[in-house]
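As a plain string of letters, each chain reads:
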Amino acid sequence: MSAVIENHHEDHHHGPAKGITRWLYTTNHKDIGTLYLWFSFAMFLIGGAMAMVIRAELFQPGMQIVEPEFYNQMITLHGLIMIFGGVMPAFVGLANWLVPMMIGAPDMALPRMNNLSFWILPFAFFILLSSLFMEGGAPNFGWTFYAPLSTTYAPPSVTFFIFSVHIMGASSIMGAINVVVTIMNMRAPGVDLMKMPLFVWSWLITAYLLIAVMPVLAGAVTMMLMDIHFGTSFFNAAGGGDPVLFQHIFWFFGHPEVYIMILPAFGIVSHIIETFSRKQLFGYSSMVWAMLSIAILSFVVWAHHMFTVGLPLAAEIFFMWATMLIAVPTGVKVFNWVATMFRGSITFETPMLFAIAFVVLFTIGGLSGLMLAIVPADFQYHDTYFVVAHFHYVLVPGAIFSIMAAVYYWIPKWSGNMYDERLGKLHFWLSFAGVNITFFPQHFIGLAGMPRRYPDYALQFADWNMVSSVGAFLFGFSQILFLFIVLKTVMGGKKATGQVWEGAKGLEWTVASPAPYHTFSTPPKID
Amino acid sequence: MFFKLFKILKGKAIPFYLLLISPALSADWFALNMTRGITDISNEVFELHMLIFWICVAIGALVFSVMFYSMWAHTKEKNPVPAKFHENHKLEIAWTIIPFLILIAMAVPASKTLVKIYDDEAGDINIQVTGYQWKWQYRYLEDDVSFFANLSTDLDEIYNLVPKGENYLQEVDEMVVIPAGKKIRFLITANDVIHSWWMPSFAIKQDAIPGFVNTAWTIVDEPGIYRGKCTELCGKNHGFMPIVVKVVEQAEYEEWVFGKRQEAIKLAELTTKEWSAEELVARGEGIYEVNCVACHQTSGQGISGIFPALAGSDIVMNNKDRNIEILMEGVQGAAMNSFSYLSEVELAAVITYTRQSWGNADKGDGEIVIPKDIVDYKEPKI
């Protein structure tokens, strides 16, 4: 480890290279973090544009703007792009920027692999998006790509989809290995495991989840590839295969994947609430244990996505109880955040607003998740808009709000400039209103009986669908303001101090703003 | 896209919808909550739903009120010096144990209801439900009745050319008829991709999976018409394969079964009748619209890259035997399934229709297929 530090010590006076090669060849964790964040933002806008198409079609009953065939392509790509292109790379970007600075390391442990894991991503999404222009159109079987709709009955572009998923998986696995190796080997002396910032803890756990489940996803798509091109029948009942097997494999990946998209958010929100409450986090160790238990439980609840496939009674009961158990550690986290704010000295800067909205709206999403765990009730909720409302509540004002909170919180450290607080607050309130107007009515639509993935619907769902669409347009267009705020901050603005926030604690606040190209070439002293 | 949207916004629907947008005024409670349903089980599920709903509301209210109190009382202005406390084992144990107990209070009644739902003995009437892209087939196993149910909403309604009817997208050409007060068991499966048979009023949702038979049962006491939907993405027309069940008194049910059997006998007689090309084409058009149009399109052009064109197709125009073979056996590895479940008359008519339409008759051999051809095809295989 000392060798690594010395190497960086020698070239610490080297600044970034000039021009495009700086970004192509970079092995610097800050540059790669920036690349990840911009990439995910671009994907967020593309996936968001698709959501606008979906909501425009659903604005009124009847088919107006797109055909059902294209509608299915939109819902599929929207899901895939937001998950694999939006949320996951954004968290990897944040990990790149923050993990080394938070543990007092000079860089990520595997910088060249870091470059590779980012630069294969644009190819993956280029392939995925290019399928829109192929004969037969883009994948149209939903982001969950259940066989045999995604095998025997899929458009020819499914092969490109499989290749693209493989690349995304390889990128995620490399990114995760890098995070684990960095955290395990490069902590500055004195940064013990139980002294690590919670964001680092959340990412350590996330990285293990990624390493465990991305190969399972790769296995699922490879079996699809075999079924489509090499005459096997893994998922084809007519050949002795089993379509339900696909769902077991998929959700064994898919459920931990859900926590991959929320654990780093837990870390982020913990830091922000602590900072703006000016008070120590209520229970650090219980937060760590809660995240660990959530991660472990995530491996034994997958079939709660499959309550209607005809599982035996014993399996239904097991998966119901196991799923409900997750509410306990999740509750511990929410109670901790509230207890941290209690009798604190709170101010409401933009990151704090997003963090508070996260706690409230994520909790609503968590509670509807609890309702979905109740099997007999799930027979009514399953595959309706109630589910759509539930997972958008945990992913949009959950994962995405946490990412926005993180950007506002750390952008002064990244760019050296303060963002415009007035515009930031405006962005928050527009997003907050937009998200709730979009997704809250979807609970009603779902309970009243509208299935998800429907391009058209019966007349009794018309009112709330229109409200939902109006909210979606509001939320969508508010993100242009976000882009503007970020650009404005990067290009100039009030200079930030090193400390930036009065209540902020952690090693990243001990360096100057903007953070120098190389930080902690010699390990910091920890008291 | 935005141009079209703008046109809709400009349309006269707008003042009407502005009224509706003030939600609480127009949307009644039933548009906001789960349907209570009409069976014992569906009522139990509804009660369970309301129980967990109110528990969740209570938890949310408690947590958020503490949080909002802090946001109001513990701002930097009102409380410039933050408290120093952290970690309190008694509190932490309490907020682990209490939620755990609440969860048990929810899970126990849920498990009990589930056990009832899984009581899976044979019903008085067993109906096999088979999902197809994009329709449902119902076979009454005891009564020897079998039919398909297709969406009966007019395409013009879907494409906004005429006003939408009251049961827009919730109506079918043939309802499932069941008698009141009898235990009905549904045996649910699929022919192509996975579908899901959902009838909210009975609280039944079971996936229809090729190669599997899932079961569900119900006893409905109240005669009436109940509407449900497909709830597993099954392709292009996933949103257009509704379910309608009509519950009638026993006597009416028996009458219906008798009528269905008479229909089947009449259809069988048609097989031996002498057919002219015109008669077959006229009959075939309707069958084409119900069974083929979704993929091959009204124009016979298919969809480039996914569904082949029939207009100008060499097989359709010149290869009568292969024509019959494809309809009977399907095409391996493609979306084209076997349509052997159609009657001989229907198959002959629809094949003749495709051979005679879109100028195919002039370009190809123009021969017609009669029901006897289909019977002959089936013969050697038996």
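Residues numbered from 1 in each chain as written. Chains lettered and ligands numbered in written order. Predicted model: local features only at pLDDT ≥ 70, side-chain atom pairs only at ≥ 80, totals over all residues.

Looking only at helices and strands, chain B features 14 helices and 10 strands. For chain B, the C-alpha radius of gyration of 28 Å lies well beyond 21 Å, the compact-globule estimate for 382 residues. Seen through its principal axes, chain B has C-alpha atoms that stretch 95 × 55 × 40 Å. For chain B, buried positions account for 35% of its 382 residues. (Helix = DSSP H or I, 4+ residues; strand = E, 2+ residues; numbered from the N terminus. Rg over C-alpha atoms; globule rule 2.2 N^0.38 Å. Buried ≥ 20, exposed ≤ 12 C-beta atoms within 10 Å, placed from the backbone.)

Moving on, we come to the overall build of chain A. Tallying secondary structure elements over chain A gives 18 helices and 0 strands in all. Long-range pairs, those at least 24 residues apart, make up 83% of the contacts in chain A with a sequence separation of at least 6. (Contact = placed C-beta atoms within 7 Å.)

Moving on: the pairing of strand β2 (residues 135-140) of chain B. Residue and element names in this part refer to chain B. Of the strand pairs in this sheet, strand β1 (residues 125-132) and β2 are connected by 6 bridges, and their pairing is antiparallel. Within the sheet, the bridge partner assigned to Gln128 lies in β2 and is Arg139. Here β1 hands over to β2 after 2 residues, the two strands then running antiparallel side by side. Looking at chain direction, β2 and strand β3 (residues 145-149) are connected through 5 bridges and run antiparallel. Residue pairing for β3: Trp136 is matched across the bridge by Ala149. (Pairing = 2+ DSSP bridges.)

What holds strands together in a sheet is hydrogen bonding between their backbones, with the strands either parallel or antiparallel. Residues and elements named next belong to chain B. In spatial order, the strands read β4-β10-β9-β6-β7; together these 5 strands make up an open sheet with mixed pairing. The two strands at the open ends of the sheet, each matched to only one other strand, are β4 (176-179) and β7 (204-208). On average, each strand axis in the sheet is inclined to that of its neighbour by 25°, with strand direction left out of account. Pairing between strand β6 (residues 195-199) and strand β9 (residues 224-230): 2 bridges, direction antiparallel. By the bridge assignment for β9, Trp198 is matched with Lys229. Its contacts with the sheet put helix α7 (residues 250-270) on β4 and β10 (243-248), and the angle it makes with β4 is roughly 140°. (Axes fitted to C-alpha atoms, helices over the stretch in contact; angles between N-to-C directions.)

A separate point is the domain arrangement of chain B. Taken as a whole, chain B is organised into domain 1 (40-117), domain 2 (125-267) and domain 3 (272-381). Between domain 1 of chain B and domain 2 of chain B, the C-alpha centre-to-centre distance is 41 Å. (Domains from an automatic or database assignment.)

What follows is about the environment of Pro351 of chain A. Residue and element names in this part refer to chain A. For Pro351, the location among the structural elements is in helix α14 (residues 350-373). Assessed through the 28 C-beta atoms surrounding it within 10 Å, Pro351 is described here as buried. Residues Pro351 and Ile272, spaced 79 residues apart in sequence, show a C-alpha to C-alpha distance of 6.8 Å. Those residues in contact with Pro351, other than ones at most four positions away along the chain, are Ile272, Ala405, Tyr408 and Tyr409.

The next point concerns the interface of chain B and chain A. Taken together, the contacts link 92 residues of chain B with 89 residues of chain A. Residue assignment for the side of chain B that touches chain A shows that the elements contributing at least two residues are α1 (2-10), α2 (13-21), α3 (23-26), α4 (40-73), α5 (89-117) and β7 of chain B. Here the side of chain B that touches chain A is built from residues that sort into 54 nonpolar, 27 polar and 11 charged. (Nonpolar A, V, L, I, M, F, W, Y, C, P; charged D, E, K, R; others polar.)

Within the largest apolar cluster, 259 residues are counted, with the highest numbers of intra-cluster contacts made by Val269, Phe358 and Ala405 of chain A. Counting contributing residues, this core receives three or more from each of domain 1 (40-117) and domain 2 (125-267) of chain B. Every residue in contact with Phe358 of chain A, bar those within four places of it in the chain, is listed here: Ala265, Val269, Pro397, Gly398, Phe401, Ser402 and Ala405 of chain A. Among the nonpolar cores identified, the runner-up in size contains 17 residues, and Leu327, Leu347, Ile368 and Val369 of chain B belong to it. (Core = buried A, V, L, I, M, F, W, Y, C linked by C-beta atoms within 7 Å.)

By the element assignment, Thr519 of chain A lies in the segment after α18 (462-491). Along the backbone, Thr519 of chain A and Pro106 of chain A are 413 residues apart, and their C-alpha atoms lie at a distance of 5.5 Å.

Another aspect to go through is the packing of helix α8 (residues 198-229) of chain A against helix α10 (residues 263-277) of chain A. All names here are of chain A. Close contact between α8 and α10 brings their axes to 8 Å; oriented N to C, the two are set at 175°. On the basis of the axis angle, α8 is roughly antiparallel to α10. On α10, the residues that touch Leu198, Phe199, Trp201, Ser202, Trp203, Ile205 and Thr206 of α8 are Leu263, Pro264, Phe266, Gly267, Ile268, Ser270 and His271. The residue makeup of the contact of α8 with α10, split by class, is 9 nonpolar, 5 polar and no charged. (Parallel < 35°, antiparallel > 145°, perpendicular 65-115°, else oblique.)

Turning to the sheet that holds strand β5 (residues 183-190) of chain B, a few remarks are in order. Residue and element names in this part refer to chain B. Spatial ordering of the open sheet is given by β3-β2-β1-β5-β8, a layout of 5 strands whose pairing is mixed. For this open sheet the edge positions go to β3 and β8 (214-219), each flanked by a neighbour on one side alone. When strand polarity is set aside, the average angle formed by the axes of neighbouring strands in this sheet is 20°. Sheet topology note: the β1/β5 ladder contains 7 bridges and is parallel. Bridge pairing links Gly131 to Ala190 in β5.

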